[in-house]
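Given next are the chains, with one letter for each unit.
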Amino acid sequence: QVQLVESGGGLVQAGASLRLSCAASTRTFSNYAMGWFRQAPGKEREFVAAISRFASSSYYADSVKGRFTISRDSAKNTVFLQMSNLKPDDTAVYFCTAGETSTRVRNGEASYWGQGTQVTVSS
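Residues numbered from 1 in each chain as written. Predicted model: local features only at pLDDT ≥ 70, side-chain atom pairs only at ≥ 80, totals over all residues. Heavy atoms only, no water.

1. Description of the pairing of strand E1 (residues 4-7)
Okay, so step 1: Judged by which residues are buried, E1 turns out to be one-sided: Leu4 and Glu6 face inward and are buried, whereas Val5 and Ser7, on the alternate face, are not.
Okay, so step 2: The pairing of E1 with strand E3 (residues 18-24) spans four bridges and is antiparallel. Bridging across to E3, Ser7 finds its partner in Ser21. (Buried < 20%, exposed > 50% of the residue type's maximum accessible area, 1.4 Å probe, protein only. Helix = DSSP H or I, 4+ residues; strand = E, 2+ residues; numbered from the N terminus. Pairing = 2+ DSSP bridges.)

Right under this line is the structure:
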């Protein structure tokens, strides 16, 4: 069992930056592709970003390309989402995911999900 714990969310003004962190409780961190989804009230869960097991590839939703960067630190068993130029439409609960492949993560078929961290962007 892999547990994922997100942190770093908060309330910020439009144009600000935040870095989300996701700590994975596993000693086989490199076995998993990692990713982030988000869900705003009244909307469906939305793919945000994903990164392959060894960080050779990364993927982003069109809505966040150029603003968000996903990365991972194998020594810390942690995946990050650096968010810049935040917009009110970025307001959502952000969920960390872990899956067997980047494709499965991107498709929302990840094996493990965190509890989420709230990001609120005011206008």
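2. Side note on the side chain of Arg72
Okay, so step 1: Considering the arrangement of structural elements, one finds Arg72 in strand E7 (residues 68-73).
Okay, so step 2: Here Tyr32 takes part through its backbone oxygen, which lies 2.9 Å from a polar atom of the side chain of Arg72.
Okay, so step 3: Within the local environment of Arg72, its side chain forms a polar contact with the backbone oxygen of Arg53, the two atoms lying 3.4 Å apart.
Okay, so step 4: Excluding residues that lie within four positions of it along the chain, Arg72 makes contacts with Phe29, Ser30, Tyr32, Ala33, Met34, Ile51, Ser52, Arg53, Ala55, Thr78 and Val79. (Polar contact = N/O pair within 3.5 Å; in protein donor to acceptor, adjacent residues only side chain to side chain. Contact = heavy atoms within 4.5 Å.)

3. Some points on the packing of aromatic side chains
Okay, so step 1: The final tally for this structure, using the stated rule, is three aromatic pairs.
Okay, so step 2: Relative to Tyr112, the ring of Tyr32 lies with its centre 6.0 Å away and its plane at 85 degrees, an arrangement referred to as edge-to-face. Pair noted here: Tyr32 is in the loop between E3 and strand E4 (33-39) and Tyr112 is in strand E10 (residues 112-113), with a separation of 80 residues, a long-range link.
Okay, so step 3: Accessibility expressed as a relative area gives 14% for Tyr32, which makes it buried.
Okay, so step 4: Overall, the relative accessible area of 18% leaves Tyr112 in the buried class.
Okay, so step 5: Taking the centre distance of 5.6 Å and the plane angle of 70 degrees together, the rings of Phe37 and Phe47 count as edge-to-face. (Phe/Tyr/Trp six-rings, centres within 6.5 Å; stacked < 30°, edge-to-face > 60°.)

4. Things to note about the state of the cysteines
Okay, so step 1: Under the counting rule described, the total for this entry stands at one disulfide.
Okay, so step 2: Disulfide pairing is shown between Cys22 and Cys96; the S-S distance is 2.0 Å. Between Cys22 and Cys96, the S-S dihedral sits near -80 degrees, and the bridge is therefore left-handed. Residue Cys22 is found in strand E3, and its partner Cys96 is found in strand E9 (residues 92-99); the two are separated by 74 residues along the sequence. The exposure classification of Cys22 matches that of Cys96, with both residues buried. (Disulfide = S-S within 2.5 Å.)

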